[in-house]
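Each chain, written out:
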Amino acid sequence: MSFSRGIPHPAQGFCGVLLILVAFVWPGAAFAESDPAAQANRLFVQAMQAIQKADQTYDPQEQAKFLMEADKLLSDIITRLPESPLAVQLVTNQFIGDFDYVAFQSRIRGLVCAEPQATGCFLHRIEAMMPPLEYPIAGPRWDWLSLAVAHWHLGDRGRVKPIIAPFVMALRRSAPPAEGSQDLFLGRALALTGEPDLALRITRSIADCSTRIYNLTDIAEALVWQGEGTRATAVAEEAADYARANACAWELGLVAQALLRVGDEGRARTLFLNTVEEQFSRFKDRRGTCCPPELAVAAGDLGDVNLALGLLRTVQEESPWTVPQVLGKLGARGEKTLTLTFADQIADVELKAETYVELIGASLKAGDRRQADLVSTRLDGMLKGADKSPLLLIQRARADRLLFKDQRWRPRFQQALDQSDREGQARRDVAVPFLAALVEIETGRAMLE
């Protein structure tokens, strides 16, 4: 069963549903009062009548009132009459006649769009873009885990565990993989939604070096954001100990980043330089591919301009995500000429726009408003054409939030969603950037990197 289905309107088939239920409601008031099934049937008929009234009005406030009335009646069936057949059907998302409870709940959540530029409405519209979950779940889905993180920070926290729990259960049912892992995002999602202990338990069961180190360093980063510096340091040390004991190679670059985040810059720099030296040595000996992209990002974190840009040039084609990351980190350390020149030469329009936004944020961190405005002008130039992609528009929304620190980003974000609807881009690669941008705009933190 999926979270989202192509189904008829919730009120369709009302008469048919009513006829089905009449047989249960008919046998006498005294019996109906004592019979849970009859009571549930009566509440259900009242809910269908409320939905029908909602569909017969053009007044949005009246419509919302009737829909909320129906929602309360259906919730009463579940909470007060759980032994009734109707309660079982509602809880298990079965059709009742032509009525689909899943679609109705989505319609209730959609009431937040009475204010089209509200954060809740943005979340609702982004979720509508996402392909549905299909059961049984085989492995983590980046888009749904991102949605859970977004709800934790911006929306209804009650929706977080129902989204994440099936992925946790799927991971527990699966055999541990020999190489790689299906858990590249699950640990970070748990850490970012207030479950670092569970994230650590899952991570410690993973034997693959890169996935384990990724998860440990991600958990440490989340703990830093949550103000748990002492615990973040302990997790960073755990990552370092595991990497050393298991002869992890380039993953030591991730460990160096974690040590830097918890304040141990001297040790981080030494560890990173030793890792890079070993990687270059292997490259010379084997003539293979030099250096994982994560090392370029780590070099940017540590502010080694020449090394960071040199590594970036070798990895950017296969790993374009490194470009905004590296240039943004160097820009925050005051390196503006080389980073902007590099950004201007990027061919991919959406990648260039994302990089410009990172440079705007970096310039503001460095206290250089003039440079931020200069980069913003370049971003504006990309928006002058008639063909504005949704991803280009959300980069402008991110930039507006950074530059003005007010709410003028909201119309641009709404415009991006409208453009996505027009293009029919119901794809994960559109939904996830929308979620990431929304979380970053509202919290100042990254989501699932």
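Please refer to the structure higher up on the page.
Residues numbered from 1 in each chain as written. Predicted model: local features only at pLDDT ≥ 70, side-chain atom pairs only at ≥ 80, totals over all residues. Heavy atoms only, no water.

### Here's the deal with the overall build of the protein
Right, so step 1: In terms of regular secondary structure, the protein is built from 24 helices and zero strands.
Right, so step 2: Nonlocal contacts in the protein, meaning residues at least 24 apart in sequence, comprise 63% of its contacts between residues at least 6 apart. (Helix = DSSP H or I, 4+ residues; strand = E, 2+ residues; numbered from the N terminus. Contact = heavy atoms within 4.5 Å.)

### Some details on the state of the cysteines
Right, so step 1: What the rule picks out here adds up to two disulfides.
Right, so step 2: Residue C209 pairs covalently with C248 via a disulfide, S to S 1.6 Å. On the S-S bond that ties C209 to C248, the torsion sits near 120 degrees, and the link is right-handed. Here C209 is found in helix 12 (residues 209-225), whereas its partner C248 is found in the loop between helix 13 (229-245) and helix 14 (252-261), with 39 residues between them in sequence. With respect to class, C209 is no different from C248; both count as buried. (Disulfide = S-S within 2.5 Å. Buried < 20%, exposed > 50% of the residue type's maximum accessible area, 1.4 Å probe, protein only.)

### What about the packing of aromatic side chains?
Right, so step 1: If you walk through the whole model with that rule in mind, you get ten aromatic pairs.
Right, so step 2: The interplanar angle of 5 degrees and the centroid separation of 5.3 Å between the aromatic rings of W142 and F185 together place this pair among those described as stacked. Placement of the pair is W142 in helix 8 (residues 142-154) and F185 in the loop between helix 9 (160-173) and helix 10 (186-192), with a sequence separation of 43 residues.
Right, so step 3: Judged by relative accessible area, which is 37%, W142 ranks as partly exposed.
Right, so step 4: On the numbers, 5.6 Å between centres and 75 degrees between planes, the contact of F413 with F434 is edge-to-face. In this pair, F413 is assigned in helix 23 (residues 409-423) and F434 in helix 24 (residues 428-443), connecting sequence segments 21 residues apart. (Phe/Tyr/Trp six-rings, centres within 6.5 Å; stacked < 30°, edge-to-face > 60°.)

### Quick look at the nonpolar core
Right, so step 1: In terms of nonpolar packing, the biggest core is built from 111 residues, with L186, I213, F272, F413 and F434 touching the most fellow members.
Right, so step 2: The next biggest cluster of nonpolar side chains, apart from the first, holds 23 residues, and it includes A40, L67, L74 and I108. (Core = buried A, V, L, I, M, F, W, Y, C linked by side-chain atoms within 4.5 Å.)

### Section: the packing of helix 21 (residues 369-382) against helix 22 (residues 390-404)
Right, so step 1: It is at 11 Å that the axes of helix 21 and helix 22 come closest, and there the two elements cross at 160 degrees. Compared by their axis directions, helix 21 and helix 22 come out roughly antiparallel. Taken as a pair, helix 21 and helix 22 cross one another with a handedness that is left-handed. Along its contact with helix 21, which presents R369, A372, D373, S376, L379, D380 and M382, the element helix 22 presents L392, Q395, R396, A399, L403 and F404.
Right, so step 2: The class makeup of the residues in the contact of helix 21 with helix 22 is seven nonpolar, two polar and four charged. (Axes fitted to C-alpha atoms, helices over the stretch in contact; angles between N-to-C directions. Parallel < 35°, antiparallel > 145°, perpendicular 65-115°, else oblique. Left-handed = near helix turned anticlockwise from the far one by under 90°. Nonpolar A, V, L, I, M, F, W, Y, C, P; charged D, E, K, R; others polar.)

### Quick look at the side chain of T193
Right, so step 1: On the secondary structure map, T193 appears in the loop between helix 10 and helix 11 (196-203).
Right, so step 2: One polar contact links the side chain of T193 to the main-chain carbonyl oxygen of A189, over a distance of 2.8 Å.
Right, so step 3: Other than its neighbours up to four places away in sequence, T193 contacts A148, V149, W152, V160 and I164. (Polar contact = N/O pair within 3.5 Å; in protein donor to acceptor, adjacent residues only side chain to side chain.)

### Looking at the packing of helix 22 against helix 23
Right, so step 1: Running from amino to carboxyl end, helix 22 crosses helix 23 at an angle of 170 degrees, the nearest separation of the two axes being 8 Å. Considering their axes alone, helix 22 and helix 23 lie roughly antiparallel with respect to each other. For the pair helix 22 and helix 23, contact is made by P390, L393, I394, R396, A397, D400 and R401 and by W409, R412, F413, Q415, A416, Q419, S420 and E423, respectively.
Right, so step 2: Residue composition of the contact of helix 22 with helix 23, by class: seven nonpolar, three polar and five charged.

### Some details on the environment of P196
Right, so step 1: With respect to the helices, strands and loops of the structure, P196 is situated in helix 11.
Right, so step 2: Once the C-alpha coordinates of P196 and I219 are considered, the two residues, 23 residues apart in sequence, prove to be 6.7 Å apart.
Right, so step 3: With residues near it in sequence (within four places) discarded, P196 still touches L190, A191, L223 and R231.

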